[in-house]
Amino acid sequence: MIDKKSKEIGKRLRQLRKDAELTQASLSGKSGVPANTIARLERGEHRISQDTMEKLAKALNTTASAILGY
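Since we're looking at a predicted model, the values are computed, not measured.

Conventions adopted
- Residues numbered from 1 in each chain as written.
- Predicted model: local features only at pLDDT ≥ 70, side-chain atom pairs only at ≥ 80, totals over all residues.
- Heavy atoms only, no water.
- Salt bridge = Lys/Arg side-chain N within 4 Å of Asp/Glu carboxyl O.
- Buried < 20%, exposed > 50% of the residue type's maximum accessible area, 1.4 Å probe, protein only.
- Helix = DSSP H or I, 4+ residues; strand = E, 2+ residues; numbered from the N terminus.
- Contact = heavy atoms within 4.5 Å.
- Axes fitted to C-alpha atoms, helices over the stretch in contact; angles between N-to-C directions.
- Parallel < 35°, antiparallel > 145°, perpendicular 65-115°, else oblique.
- Nonpolar A, V, L, I, M, F, W, Y, C, P; charged D, E, K, R; others polar.

Asker: Lay out the pattern of salt bridges with the relevant residues and their values.
Answerer: Applying the stated criterion across every chain yields a total of five salt bridges. When the shortest N-O distance is used, the salt bridge between E45 and R43 registers 3.0 Å. Take R43: its relative accessible area is 36%, and that puts it in the partly exposed class. Between D51 and K55 there is a salt bridge, with its nearest N and O atoms 3.3 Å apart.

Asker: I'd like a rundown of the side chain of S31, residues and numbers included.
Answerer: Here S31 lies in helix α2 (residues 24-31). Given the relative accessible area of 11%, S31 is considered buried. In this structure, S31 is in contact with I38, K55, L56 and A59, ignoring residues within four places of it in sequence.

Asker: I'd like a rundown of the packing of α2 against helix α4 (residues 50-59), residues and numbers included.
Answerer: Two quantities define a packed helix pair, namely the angle between the axes and the distance from one axis to the other. Orientation of α2 relative to α4, taken along the N-to-C sense of each, is 105°, at an axis distance of 9 Å. Comparing their axes, α4 and α2 come out roughly perpendicular. Contacts between α2 and α4 pair L27, K30 and S31 from the former with K55, L56 and A59 from the latter. Considered class by class, the residues forming the contact of α2 with α4 number three nonpolar, one polar and two charged.

Below you can see the structure in the form of structure tokens.
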């Protein structure tokens, strides 16, 4: 089930990835998060865990707060 918050986080994650000029596959390689998980997160189909958020934030050279929109 897609909820509004997951959808918003997904949009921010996609924009941060594009701003970093990374594909889902290259972000996967940098973060260790499977590309299919990144795709599901960006579509808002999966709730992001703290561990996954920290891995993606580090790979994107940003913060968890930026992904969450705070």
